[in-house]
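# Topology and contacts: notes
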Amino acid sequence: MSKESLKNNTVLHDTASENAGEETKRQFEYMEKVKGHVADLEKELGRKPTACVVTFGCQMNARDSEKLLGVLTKVGFEEVETEDADFVIYNTCTVRDNADQRVFGRLGYVGGIKKKKPWMRIALCGCMMQEQSVIEKIQKSYRHVDLIFGTHNIFKFAELLNTMFESDRMIIDIWKDTDQIVEDLPIVRKYKFKSGINIMFGCNNFCTYCIVPYVRGRERSRSPKDIIREIEYLASDGVKEIMLLGQNVNSYGKGLPENEQLSFAELLSEVCKVDGIERVRFMTSHPKDLSDDLIKVIAENEKVARHIHLPLQSGSDEILKKMNRHYTKESFLLLVNKIKQAIPDVSITTDIIVGFPGETDSDVDETIDVVRKAAFDNAFTFIYSKRTGTPAAGWEQVPESVSKPNFDRLLKVVQETARERASRFTGQTHRVLVEEINEQDSSLVTGRMSNNTLVHFPGDADLIGEFVDVKLNECHGFYYTGERVFE
Ligand code: SAH
Ligand code: SF4
Ligand code: F3S
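Residues numbered from 1 in each chain as written. Chains lettered and ligands numbered in written order. Predicted model: local features only at pLDDT ≥ 70, side-chain atom pairs only at ≥ 80, totals over all residues. Heavy atoms only, no water.

### With respect to unusual backbone geometry
Cis geometry marks the peptide bond from Met283 to Thr284; its omega dihedral reads 0°. Looking at where Thr284 falls in the secondary structure, it is placed in the loop between strand S11 (279-283) and helix H10 (292-300). Although it is not a glycine, Phe206 adopts a positive phi angle of roughly 50°. Relative to the helices and strands, Phe206 resides in the loop between strand S8 (200-201) and helix H7 (212-216). For Ala375, which is not a glycine, the phi torsion comes out positive at approximately 45°. (Helix = DSSP H or I, 4+ residues; strand = E, 2+ residues; numbered from the N terminus.)

### Side note on the site of ligand 2
Close contacts around ligand 2 come from Cys203, Asn205, Phe206, Cys207, Tyr209, Cys210, Val212, Pro213, Gln247, His286 and Arg325, and that covers them all. When the residues that make up the shell around ligand 2 are grouped by side-chain class, the tally is seven nonpolar, three polar and one charged. (Near = heavy atom within 4 Å. Nonpolar A, V, L, I, M, F, W, Y, C, P; charged D, E, K, R; others polar.)

### What to know about the side chain of Thr94
Within the secondary structure, Thr94 sits in the loop between strand S3 (87-92) and helix H4 (97-116). Reaching out from Thr94, the side chain makes a polar contact with the side chain of Asp100 at a distance of 2.9 Å. Sequence-distant contacts of Thr94, that is, excluding residues within four places in its chain, are made with Asp100, Cys127, Met128, Glu131, Ile211, Val215 and Arg387. (Polar contact = N/O pair within 3.5 Å; in protein donor to acceptor, adjacent residues only side chain to side chain. Contact = heavy atoms within 4.5 Å.)

### Let's talk about the pattern of salt bridges
Taken as a whole, this structure holds 42 salt bridges when the rule is applied. Asp377 is the salt-bridge partner of Arg421, the closest N and O atoms lying 3.4 Å from each other. On the criterion of sequence distance, the pair formed by Arg421 in helix H14 (residues 400-422) and Asp377 in the loop between helix H13 (361-374) and strand S14 (378-383) is long-range, its members being 44 residues apart. The exposure classification of Arg421 matches that of Asp377, with both residues buried. (Salt bridge = Lys/Arg side-chain N within 4 Å of Asp/Glu carboxyl O. Buried < 20%, exposed > 50% of the residue type's maximum accessible area, 1.4 Å probe, protein only.)

### Examining the domain arrangement of the protein
Under the domain assignment, the protein is made up of domain 1 (2-173), domain 2 (193-305), domain 3 (315-423) and domain 4 (426-484). Inter-centroid distance (C-alpha atoms) of domain 1 to domain 4 is 37 Å. (Domains from an automatic or database assignment.)

### A word on the environment of Met120
By the secondary structure assignment, Met120 is in the loop between H4 and strand S4 (121-126). In sequence terms Met120 and Asp86 are 34 residues apart; their C-alpha atoms lie 4.7 Å from each other. For Met120, the contacting residues outside a window of four places in its chain are Glu83, Ala85, Asp86, Val88, Val110, Ile113, Lys114 and Asp146.

### Structural notes on H10
Within the span of H10, buried status applies to Leu294, Ile295, Val297 and Ile298. For H10, the buried positions fall inside an angular range of 160° around the axis, keeping them on one side. Opposite the buried face of H10, at more than 90 degrees from it, the exposed residues are Asp293 and Glu300. Buried positions along H10 lie against helix H9 (264-272), S11, strand S12 (307-309) and helix H12 (329-342). (Arc of directions from axis to C-beta.)

### Description of the packing of helix H3 (residues 59-74) against helix H6 (residues 157-165)
Packing of H3 against H6 leaves a shortest axis separation of 10 Å and a crossing angle of 55°. Relative to H6, H3 is oriented oblique. Seen from above, H3 lies across H6 with right-handed handedness. Here Leu68, Val71 and Leu72 of H3 come into contact with H6, specifically with Phe157, Ala158 and Leu161. Among the residues making up the contact of H3 with H6, the classes are represented as six nonpolar, no polar and no charged. (Axes fitted to C-alpha atoms, helices over the stretch in contact; angles between N-to-C directions. Parallel < 35°, antiparallel > 145°, perpendicular 65-115°, else oblique. Left-handed = near helix turned anticlockwise from the far one by under 90°.)

### Focus: the nonpolar core
Ranked by internal contacts, the top residues of the largest apolar core, which has 57 residues, are Leu244, Phe264, Leu268 and Ile339. Top contributing element to this core by residue count: H9, with six residues. In terms of domain composition, this core takes at least three residues from each of domain 2 (193-305) and domain 3 (315-423). Filtering out sequence-adjacent residues up to four positions away, Phe264 remains in contact with Ile199, Leu244, Val249, Asn250, Tyr252, Phe282 and Leu294. Of all hydrophobic cores here, the second largest spans 27 residues; its members include Val54, Phe56, Ala85 and Met128. (Core = buried A, V, L, I, M, F, W, Y, C linked by side-chain atoms within 4.5 Å.)

### Here we look at the site of ligand 1
Looking at ligand 1, there are 15 residues lining it, with Arg96, Gln247, Gln313, Asp351 and Ser385 nearest. Gln247 places a polar side-chain atom, nitrogen or oxygen, 2.8 Å from a nitrogen atom of ligand 1. Interatomic distance of 2.8 Å between a backbone N/O atom of Ser385 and a nitrogen atom of ligand 1. Protein contacts shield 90% of the accessible area of ligand 1, which totals 540 Å² for the unbound molecule. Within the residue set of the shell around ligand 1, elements represented by two or more residues are strand S13 (347-354) and S14. When its residues are assigned to classes, the shell around ligand 1 shows seven nonpolar, four polar and four charged. For the shell around ligand 1, the domains that each give at least three residues are domain 2 (193-305) and domain 3 (315-423). (Areas by Shrake-Rupley, 256 points an atom, 1.4 Å probe, with all protein chains shown as cover.)

### Looking at the pairing of strand S1 (residues 50-55)
With two bridges connecting them, S1 and strand S2 (residues 78-79) associate as parallel partners. Bridge pairing links Thr50 to Glu78 in S2. In this fold, the crossover linking S1 to S2 by way of H3 has right-handed handedness. Pairing of S1 with S3, which is carried by five bridges, proceeds in the parallel orientation. Within S3, the position partnered with Val53 by the bridge is Ile89. (Pairing = 2+ DSSP bridges. Right-handed = clockwise from strand over helix to strand, strands pointing away.)

Put into structure tokens, the structure is as follows:
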């Protein structure tokens, strides 16, 4: 791709498939070039240039941000948390409209900072950038942005940074889709002791409300060899807990070459064999694909976290059908019971949408009924947000006067049931991975139980990254306070 075409400020679509190994080498060469530009900036400023990565959205984006930070650190930037940095990149989410609005809000704010710091560079990437209308809006109203790229070409970040430093125009490079998976680029983890790992990218489910398949492209699984190799490396680098990431991990493996065929249950079982990894989580499970084999692997393997995030979305059969979810209220409840029977100490959490086109009060009654019967440990509730380009966007929308009271009604039941459910471990001793010093009280540390519940207990920074046994003395809604127990 010529630099001239980039300078014209056009949106580029490029789906050329290259050999991944070669591509990794190419990007490392670009990192060397960018190092030169960052060194020039350092001379000009008389100090090390700073970079800030701001992340919106899901675990997938959080992992992508670690890849961005990997490159930024490698080329000589110092990481900072504040947006008055010399380079700021927003890794965006577009799953609901409020996510978009927050990004536009930040862009306005950071534009003000750039006026006082003309050398500052601002970049945008992630899911929101895969939408043509967003790009047009930025081109028109946010001229202070220097670089825009999407979800499919994030592996080109070093190359794009180089182009940005060599140009004074807005650089835009968005791909429609890709079949490429580029391995072994630098990554800087947020936590030393835990890490997310992509096992697959994209989504093929096309739930009718959801923008993700359009902005993340078709589902593709990483090779099991590459996944295990990465986990072995992480274990050797001090990681004890990992989270396997995919939009629908239960469909992992489709499309892998014959000699690498592996189901998610098999992959999970393999991952548990890696020495040094003490706890394995995964996100997200689609109820339509959660197999008996998977339940068995979880039940039999203490390393697998006692937590399954199982998005319900709605409890009404009619709405589930319109959502293209491929399960019914009954089959969902049967699945929940089966899981609870096989894994009695499991926590099940869920996502629910209220106000999907056509949803009536009695549909929400059905959802509330499932919440009561399934007894979720927690439920994330969302008001339906119309996403342009999805089928449901074209259907008659539910007015806020109907969706808002229904949302409040649901939330009340969710909170009641979750609160009751959360306290069931009181008095027990559980193994927790200590994550940080408590934000409110520095004499306490915060750890996470296998089922994802947080526990605060007396301790100091030396415990961070360690597994310890904690007696759960008191439940406070969604978290516990407790004390360490020594064998
Ligand atoms: N792949 C996951 C979820 C990804 S998006 C799954 O299949 O469950 C995370 C959550 O956002 C979804 O579970 C859904 O509850 C919510 N969501 C997605 N699109 C939405 C929309 N248009 N409006 C409101 N909530 C939405
Ligand atoms: Fe969206 Fe459905 Fe795919 Fe989840 S499974 S990302 S909700 S389309
Ligand atoms: Fe958002 Fe993209 Fe994740 S739209 S929820 S950041 S996959």
